Amino acid sequence: MPLVTDIAHSYDVASSNNAPSLGRCGGFVAQYPQDAFHLPARRTSVPEARRRVSALLREWGADQQVRDDVELVVSELFTNAVRHTDSEKVGCELALFGAHIRIEITDQGGPQDSAPHIQPGSVDQECGRGLFLVGALSESWGSRPTDSGQGRVVWADLPYSSLAH
């Protein structure tokens, strides 16, 4: 598992087979920003994940619509990992590449170790709209087993624009 670091923190991050390796690795700064963190798999961690993502996106200069969309997708995917797995911790990785931002939420697996999918009729229900919203806001999204085979990575690619435009 590669190690991604920033100035203040070190985090273990699951590598992505679908996205380039981005960010700070092994003492050099890569071309595009990346950040990652892990939080306990508790409902109370969802707002903390949102706060961290919001602060990071402000630091990167993302415009308000991007921040709102990414915060919502992170909230939905993080909540699903907490609710539907037996994870002790949930990982979140954000990587900016070109005009896109990739979100990856990593869990440690659980009783329903199948790929997440939109439930029929979920749009009209109070609970269960999360993946519908993820699909509506994302250019693409999906899931894959972690490299270790213990858990799942759910990823989403969203359009990215900055305040500099």
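Values in this document were obtained by computation on a predicted structure and should not be read as measured data.

Visitor: I would appreciate a short explanation of the side chain of Arg-102 in the present structure.
Guide: Within the secondary structure, Arg-102 is located in strand β7 (residues 100-106). A polar contact is formed between the side chain of Arg-102 and the side chain of Asp-157, at a distance of 2.6 Å.

Visitor: Got a minute to help me understand the sheet that holds strand β6 (residues 89-97) in this structure?
Guide: Strand pairing in a sheet relies on backbone hydrogen bonds. The paired strands run either parallel or antiparallel. Read from one edge of the open sheet, five strands run β5-β6-β7-β9-β8, paired in antiparallel fashion. Strands with a single pairing partner mark the edges of an open sheet, and in this sheet they are β5 (34-40) and β8 (140-145). When the angles between neighbouring strand axes are averaged without regard to direction, this sheet yields 15 degrees. Strand contacts of helix α2 (residues 64-84): β5, β6, β7 and β9 (152-159), with the helix running at about 15 degrees to β7, the strand carrying the most contacts.

Visitor: Hey, could you run me through the nonpolar core in this one?
Guide: Considering soluble globular proteins, one finds that nonpolar side chains tend to be buried as a cluster. Formed by 31 residues in total, the largest nonpolar core has its most connected members in Val-70, Val-74 and Ile-105. Of all the elements in the fold, those that place two or more residues in this core are β5, α1 (45-60), α2, β6, β7, α3 (130-137) and β9. Here the element with the most residues in this core is α2; it accounts for eight residues. When residues no more than four places from it in sequence are discounted, the contact partners of Ile-105 are Val-74, Leu-77, Phe-78, Ala-81, Val-90, Gly-91, Cys-92, Arg-152, Val-153 and Val-154.

Visitor: Which parts of the structure should I look at to understand the pairing of β9?
Guide: Two faces make up the sheet, and in a regular strand the side chains alternate between them. By the criterion of burial, β9 is predominantly enclosed, with seven of the eight residues buried. Two elements, β7 and β9, share seven bridges in a ladder whose sense is antiparallel. Paired with Ile-101 across the two strands is Leu-158, which belongs to β9. As judged from the six bridges shared by β8 and β9, these two strands associate in the antiparallel manner.

Visitor: Looking at this structure, how should I read the packing of α2 against α3?
Guide: The relative placement of two packed helices is expressed as an angle between their axes plus a distance between the axes. Interhelical geometry of α2 versus α3 gives an angle of 145 degrees and a closest axis separation of 9 Å. Handedness of the crossing formed by α2 with α3: left-handed. Two secondary-structure elements touch here, α2 through Asp-69, Leu-72, Val-73, Glu-76, Leu-77 and Asn-80 and α3 through Gly-130, Leu-131, Leu-133, Val-134 and Leu-137.

Visitor: Looking at this structure, how should I read the packing of α1 against α2?
Guide: Packing of α1 against α2 leaves a shortest axis separation of 9 Å and a crossing angle of 150 degrees. Considered as vectors, α1 and α2 are oriented roughly antiparallel to each other. The two elements α1 and α2 meet at a crossing, and its hand is right-handed. Contacts from Ser-45, Val-46, Ala-49, Arg-50, Val-53, Ser-54, Leu-57 and Arg-58 of α1 reach α2 at Val-66, Arg-67, Val-70, Glu-71, Val-74, Ser-75, Phe-78 and Thr-79.

Visitor: Could you clarify how one ought to interpret the pattern of salt bridges in this entry?
Guide: Where charged atoms of side chains with opposite charge meet at close range, the side chains can pair. Enumeration according to the criterion identifies five salt bridges in this entry. Two residues, Glu-48 and Arg-52, come together in a salt bridge whose shortest N-O distance is 3.0 Å. Here Glu-48 pairs with Arg-52, and both are found in helix α1, just four residues apart, close to one helical turn. Among the residues examined, Glu-48 registers a relative accessible area of 25% and is labelled partly exposed. Among the salt bridges present, the one from Arg-144 reaches Glu-104, with a minimum N-O distance of 3.5 Å. Taken together, the residues span a long stretch of sequence, with Arg-144 in strand β8 and Glu-104 in strand β7 at a distance of 40 residues. One exposure class covers both Arg-144 and Glu-104, and it is buried. A single salt-bridge network, built from bridges that share partners, covers Arg-102, Glu-104, Arg-144 and Asp-157.

Visitor: Help me out: how do you make sense of the environment of Leu-158 in this one?
Guide: Inspection of the secondary structure assignment puts Leu-158 in strand β9. Distance in space between the C-alpha atoms of Leu-158 and Val-70 is 7.5 Å, their sequence separation being 88 residues. Excluding anything up to four places from it in sequence, Leu-158 contacts Asp-69, Val-70, Val-73, Ala-99, His-100, Ile-101, Ile-103, Leu-137 and Ser-138.

What counts as what
- Residues numbered from 1 in each chain as written.
- Predicted model: local features only at pLDDT ≥ 70, side-chain atom pairs only at ≥ 80, totals over all residues.
- Heavy atoms only, no water.
- Helix = DSSP H or I, 4+ residues; strand = E, 2+ residues; numbered from the N terminus.
- Polar contact = N/O pair within 3.5 Å; in protein donor to acceptor, adjacent residues only side chain to side chain.
- Pairing = 2+ DSSP bridges.
- Axes fitted to C-alpha atoms, helices over the stretch in contact; angles between N-to-C directions.
- Contact = heavy atoms within 4.5 Å.
- Core = buried A, V, L, I, M, F, W, Y, C linked by side-chain atoms within 4.5 Å.
- Buried < 20%, exposed > 50% of the residue type's maximum accessible area, 1.4 Å probe, protein only.
- Left-handed = near helix turned anticlockwise from the far one by under 90°.
- Parallel < 35°, antiparallel > 145°, perpendicular 65-115°, else oblique.
- Salt bridge = Lys/Arg side-chain N within 4 Å of Asp/Glu carboxyl O.

Geometry only, nothing functional implied.
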